[in-house]
Amino acid sequence: MNGDNLAGPPSAPAGPLEPWPDTVRWQPISRDLIWVELIRLGVLLAVLLIGLGLGWAFSGQWLFGAALGAVVLLAGWRVATIVRAVQAWGYAEREHDLLVRHGLLVRRLSIVPYSRMQFVDVSAGPLERAFDLATVQLHTAAAASDARVPGLRPAEAARLRDRLTALGEDRAEGL
């Protein structure tokens, strides 16, 4: 083995969805969000499968059976994408803004300047509370620029809410 390439292959240039890769430290969300999403999917699937199964049993039409098979195949695909989608979520706090990334097929990177935040909301539905999770929602003047960070532990959600609120107030004073 020669020592010519000890550093590994040269790194690829950053794309539009990976800005400043050397200066951004991404924080992952809790993997417990996978269970929350799988339970939501399970409830939806139960309703669909029961409805299609009853339709097939009472009518005997093959279309119900075909739809049943398609739903099962799509459910398997969705289970795999839920796992990967939760792993794709991340956020990074920088000096002047918050970065939020998510998405598999369509990747999204939201950059929310602290000075543009109007308020920060923390929510947790019954399923999230059962898994000790919360969602931080950032609200700005432009509705399209709102960002959210799901799958946070309540203590981290409260810390992030308080930090973002304080930074937003500090940055807005100069406007």
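Described in the following lines is the structure provided in the data block. (Residues numbered from 1 in each chain as written. Predicted model: local features only at pLDDT ≥ 70, side-chain atom pairs only at ≥ 80, totals over all residues. Heavy atoms only, no water.)

**Remarks on the sheet that holds strand 1 (residues 27-28)**
Strand order in the open sheet made by the 4 strands is 1-2-3-4, with antiparallel pairing throughout. Two strands bound the open sheet, and with one partner strand each, they are strand 1 and strand 4 (108-113). Sheet topology note: the strand 3 (residues 97-102)/strand 4 ladder contains 6 bridges and is antiparallel. Each residue of the ladder has a partner; that of R101, found in strand 4, is L109. (Pairing = 2+ DSSP bridges. Helix = DSSP H or I, 4+ residues; strand = E, 2+ residues; numbered from the N terminus.)

**Some points on the layout of surface pockets**
Of the volumes computed, that of the largest pocket is approximately 310 Å³. What lines the largest pocket is a set of 17 residues, among which E37, R78, A85, W89 and R148 lie closest to the centre. Looking at the lining of the largest pocket, the elements that each hand over two or more residues are helix 1 (32-59), helix 2 (62-88) and strand 7 (147-152). Partitioned by chemical class, the residues of the lining of the largest pocket number 7 nonpolar, 5 polar and 5 charged. (1 Å grid on protein atoms, 1.4 Å probe; cavity = no way out; pocket = protein on both sides within 12 Å on 5 of 7 lines; lining within 4 Å. Points joined across faces, edges and corners; volume = space filled by probe spheres on them. Nonpolar A, V, L, I, M, F, W, Y, C, P; charged D, E, K, R; others polar.)

**So, the sheet that holds strand 7**
Here we have 3 strands laid out as an open sheet, ordered 5-6-7, and antiparallel in their pairing. Strands at the two margins of the open sheet, each flanked by one partner only, are strand 5 (117-123) and strand 7. Pairwise comparison of adjacent strand axes, ignoring direction, gives a mean angle of 15 degrees for this sheet. As defined by bridge partners, strand 6 (residues 134-140) adjoins strand 7 across 4 bridges and the pair is classed as antiparallel. Bridging from a neighbouring strand, L138 pairs with A147 of strand 7. (Axes fitted to C-alpha atoms, helices over the stretch in contact; angles between N-to-C directions.)

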